[in-house]
2 protein chains.
Amino acid sequence: MTPLRAELLAIGSELLGPLRAETNSLWLTERLLDAGIEVVARTTLADDPALLESAFRTALARVDVVIATGGLGPTADDVTREAAAAATSRGLRREPAIVEALRARFARYGRPMSDTNLKQGDVIDGAELLQNARGTAPGQFLEHDGRTIVLLPGPPGEMKPMFDEQVLPRLRARVGSARVVRRRVLRIAGMSESGVDEIAAPVYSRFENPKTTILGAAGQVELHLIAHGNGDAEAEDRIEELARLLREVLPGRIFSEDGRELPHVVTDLLRERTLTLALAESCTGGLLSARLTEVPGVSAVLERAVVSYSNQAKIAALGVDEALLEAHGAVSEEVATAMAEGVLKASRAAVSVAITGIAGPDGGSPEKPVGLVYVATCGAAGTRVRKNLFPGGRELVRQQSTQIALEMLRRGLLGLPPL
Amino acid sequence: MTPLRAELLAIGSELLGPLRAETNSLWLTERLLDAGIEVVARTTLADDPALLESAFRTALARVDVVIATGGLGPTADDVTREAAAAATSRGLRREPAIVEALRARFARYGRPMSDTNLKQGDVIDGAELLQNARGTAPGQFLEHDGRTIVLLPGPPGEMKPMFDEQVLPRLRARVGSARVVRRRVLRIAGMSESGVDEIAAPVYSRFENPKTTILGAAGQVELHLIAHGNGDAEAEDRIEELARLLREVLPGRIFSEDGRELPHVVTDLLRERTLTLALAESCTGGLLSARLTEVPGVSAVLERAVVSYSNQAKIAALGVDEALLEAHGAVSEEVATAMAEGVLKASRAAVSVAITGIAGPDGGSPEKPVGLVYVATCGAAGTRVRKNLFPGGRELVRQQSTQIALEMLRRGLLGLPPL
């Protein structure tokens, strides 16, 4: 038996613009994986009755669980209920209890209720209702022909609690102790994707279960281990068996196996050691600081960051010697080190890191091309400096620079050899 | 006649992880809109032959143009070619010219070519080949039963130039001077979604064409105007007619109609006026600086940013009076103003902005709750300070804070009244 397979339908024309990725599906994928259910298709669909009906039919023909988000509102555009009913050849009944609750809700806010709102009381024959304490549109849960169909509201603030409180327990009951799927992500910074794969592939390719996928992002390589097993424990054991071997061939390289990103790992290391950190950033322009301050509780750790975009700022705010800037230029080993020393001294923090480089698209030269970035650490992470030449455009160079800075801090704090 | 409708199929199990949004489809959606083609469905699919075949069949039944990315590589997992052939009941022929090109490419890099690579030479009967100068997998372009099917490689570095150089001209020829769809996005900061809608809905709801969608993001509201017309000019005229009315009812509020985000707009304003900017950030932790430095060419404008997470940093690096911190606390109108003044003085920039607040999740109190954020400007943007109380979690508070800071700079520089 194979694990249950799910398809997610994200419904709403506004989700199909070029400007934004749809996020409900990412969240649901993670929750379903935790429950041992694998998502094999994610579809984003415009508000079009024929399109939606065909999407439900297609999904019902190929997966075990179909979860739709959106299109449950009161407007003419909201046709998810009708499409799901048509695809399952079931009727819709108007549920008086929901209509009453809607009327009460409108009365509470002192607003008149238009008749179009009544359709929010329509329930597919045979479906269970999912209460929505945070909005007007209830969800629906339907078992149909051995498939499970779930309709959820689109707003994440309504969808997420409804899923966690009412859908997940029902799905877990269906999965029971059947085959489940588990995933673990091993993260590595400061190595190329091919560099990691050369070492890891001989190990992971010996395993059919877990299956391993390697993914390169900016300044980071991820090994995704996905195992099937009879129950969580067996699947976890299979993952751990492979993870142990990968740790052996990549000693000190894997910075996280528990979902934490590198800023979180470094913050935790500093916090455990009660050390404070100061940053001096040039080409990254505050990105390292912004990434670190995404971590709640970083305020106990981060003393200050100075974004010294101009030479004047490097001299005045970081105490970099003007002669040094003239002799070596702002993008140099010497200035990187002086920036790290300067911000350490000014801030009285225990550890510092400095970044100076050319992020592009302009400002490069044959001697100092776009992508040339120096990173230096100082203080409790050791005095180290590294020359990097990053490929890619401005955003990639900036992102990779912050990753190397964080990995240098991590290695320095753990006493690992330099990158 | 209605404009052509497209569906995008993003193929690859690695795209279905919980950790990342698939990005090729966002890029393609924008390109297709520019060509007057509307995307009505986007599907991300695992590498599974039956799943892919059903996806092609479903798409061919409901749209005019089907574009698949990924699954054209040499491994057993790569089954896009086979699935598209099966869905159209067409055969595959092995093209000797591609096989020769593959052999030559491998020879050039001095690597042996395994037989599995041969399948990259398989072409669907009737399909035109799309050359891939940047990788091994060619694309394919097929007219089938009045539908267009396009197969593209998954790596963005190969997919994007192939689409622009070889697919877009063919699609434009098909669209011709038929009905096209155009879109414009009007962006507003510093107002709530309902606040904008109350003013804008009476205007845009009078129009069937363009159709308007309102979207609220963190600290930003967007009005998406989508018009159909016979040719670009007619569609653009329809959009401009509505946009002009919206500008009238929202005077000075729309900061962008050309795709620029607020950091770009503010950078351009400073550049036009040859003014330099200095930032003092507390709770936003460098996010404002990082957002501004995403804009190429910002180095001519940004003098420095100081991320003063600790009180010590506010005193030493920004010259904030210790007595002021004790009397009012770090999160206060007085300290925000002192931070803006301090960084302006230290940097000798022409304009400054300072942010201090409580981003959460900890650190709130009944008097100063999570979400309380003071923003102050100084110098050429005028001396102004604003108290804000933002809803949402840490990331939302931080994002909204940077938006308000940028909108205050914009309004100050343009001489518009305070928010």
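Residues numbered from 1 in each chain as written. Chains lettered and ligands numbered in written order. Predicted model: local features only at pLDDT ≥ 70, side-chain atom pairs only at ≥ 80, totals over all residues.

Details of the interface of chain B and chain A
Contacts between the two partners involve 55 residues from chain B, matched on the other side by 55 residues from chain A. Considering each element in turn, the side of chain B that touches chain A owes the most residues, seven residues, to strand β2 (residues 38–45) of chain B. Each residue belonging to the side of chain B that touches chain A can be placed in one class, and the counts come to 28 nonpolar, 17 polar and ten charged. By the bridge criterion, five bridges tie strand β2 (residues 38–45) of chain A to β2(B) in an arrangement that is antiparallel. Residue pairing in the sheet places A:Ala41 in a bridge with B:Leu45 of β2(B). (Contact = placed C-beta atoms within 7 Å. Helix = DSSP H or I, 4+ residues; strand = E, 2+ residues; numbered from the N terminus. Nonpolar A, V, L, I, M, F, W, Y, C, P; charged D, E, K, R; others polar. Pairing = 2+ DSSP bridges.)

Remarks on the pairing of strand β10 (residues 211–217) of chain B
Of the pairings in the sheet, the one linking β10(B) to strand β11 (residues 220–230) of chain B comprises seven bridges and is antiparallel in character. Bridged to B:Leu215 within β11(B) is B:Glu222.

Brief notes about the domain arrangement of chain A
Residue and element names in this part refer to chain A. Here the domain parsing of chain A yields domain 1 (5–175), domain 2 (179–256) and domain 3 (262–414). Each partner contributes residues to the interface: domain 2 has seven residues there, and domain 3 has ten residues. When its residues are assigned to classes, the side of domain 2 that touches domain 3 shows three nonpolar, four polar and no charged. (Domains from an automatic or database assignment.)

Let's talk about the sheet that holds strand β15 (residues 351–357) of chain B
Backbone hydrogen bonds are what pair the strands of a sheet, in a parallel or an antiparallel way. With mixed pairing, ten strands are arranged side by side in an open sheet as β17(A)-β16(A)-β15(A)-β13(A)-β14(A)-β14(B)-β13(B)-β15(B)-β16(B)-β17(B). Unpaired on one side and paired on the other, β17 (384–389) of chain A together with β17 (384–389) of chain B mark the two borders of the sheet. On average, each strand axis in the sheet is tilted by 10° relative to the strand beside it, whichever way the strands run. In this structure, β15(B) lies alongside strand β16 (residues 372–379) of chain B, joined through seven bridges in antiparallel fashion. Opposite B:Val353, over in β16(B), you have B:Thr377 as the bridge partner. (Axes fitted to C-alpha atoms, helices over the stretch in contact; angles between N-to-C directions.)

Looking at the relation of the copies chain B and chain A
Expressed as a screw operation, the relation of chain B to chain A combines 0.0 Å of axial shift with a rotation of 180°, fitting to an RMSD of 0.1 Å. Accordingly, the operation relating the two chain copies is best matched by a two-fold axis. Within chain B, B:Thr43 has its C-alpha nearest the rotation axis, a separation of 2.0 Å. Most of the interface of chain B is mirrored in chain A, where 100% of its interface residues are also at the interface. (Least-squares fit on C-alpha atoms with pLDDT ≥ 70 in both.)

Remarks on helix α13 (residues 394–414) of chain B
Residue and element names in this part refer to chain B. The end-to-end C-alpha separation of α13 is 30 Å, in line with the 30 Å expected for 21 residues at 1.5 Å each. With 16 of 21 residues buried, α13 lies mostly within the body of the structure. Two residues or fewer past α13, Gly 415 is found with a positive phi of approximately 70°. (Expected span 1.5 Å × (residues − 1). Buried ≥ 20, exposed ≤ 12 C-beta atoms within 10 Å, placed from the backbone.)

Side note on the packing of helix α6 (residues 193–204) of chain B against helix α7 (residues 232–249) of chain B
In helix packing, the relevant descriptors are the interaxial angle and the interaxial distance, both defined with respect to the helix axes. Residue and element names in this part refer to chain B. Direction vectors running N to C along α6 and α7 enclose 145°, while the axes themselves pass 10 Å from each other. Of the two possible hands of crossing, α6 and α7 adopt the one that is right-handed. In this structure, α6 uses Ile 199, Ala 200, Val 203 and Tyr 204 to contact α7, whose residues at the interface are Leu 242, Leu 245, Leu 246 and Val 249. (Left-handed = near helix turned anticlockwise from the far one by under 90°.)

Some points on unusual backbone geometry
In most cases, non-glycine residues show a negative phi, while peptide bonds are predominantly trans. Residue and element names in this part refer to chain A. Note that the residue after Gly 360, namely Pro 361, is joined by a cis bond; omega there is 0°. Here Pro 361 is to be found in the loop between β15 (351–357) and β16 (372–379). Look at Asp 145: it is not a glycine, yet its phi comes out positive at around 55°. Turning to its location among the elements, Asp 145 is positioned in the loop between β7 (139–144) and β8 (147–152). Unlike most non-glycine residues, Thr 274 shows phi in positive territory, near 45°. One can find Thr 274 in the loop between α8 (262–272) and β13 (277–281).

Some words on the sheet that holds strand β12 (residues 254–256) of chain A
Residue and element names in this part refer to chain A. Ordered in space as β10-β11-β9-β12, the four strands form an open sheet in which the pairing is antiparallel. Looking at which strands have only one partner, the edges of the open sheet turn out to be β10 (211–217) and β12. Strand-to-strand twist across the sheet, computed as the mean angle between neighbouring axes with direction ignored, equals 35°.

Examining the nonpolar core
Ranked by size, the top nonpolar core spans 253 residues in total, and within it A:Met339, A:Val343, B:Met339 and B:Val343 carry the most contacts. Apart from the residues lying within four places of it in its own chain, the contact partners of B:Met339 are B:Ala280, B:Lys314, B:Leu318, B:Val320, B:Ala354, B:Thr356 and B:Ala376. (Core = buried A, V, L, I, M, F, W, Y, C linked by C-beta atoms within 7 Å.)

A look at the packing of helix α8 (residues 262–272) of chain B against α13(B)
Residue and element names in this part refer to chain B. The N-to-C vectors of α8 and α13 enclose an angle of 30°; their axes lie 10 Å apart at closest approach. Here α8 is positioned roughly parallel relative to α13, judged by the angle of their axes. Between α8 and α13 lies a crossing of left-handed hand. Within the contact between the two elements, α8 uses Leu 262, Pro 263, Val 265, Val 266 and Leu 269 and α13 uses Gln 403, Leu 406, Glu 407, Leu 409, Arg 410 and Leu 413. (Parallel < 35°, antiparallel > 145°, perpendicular 65-115°, else oblique.)

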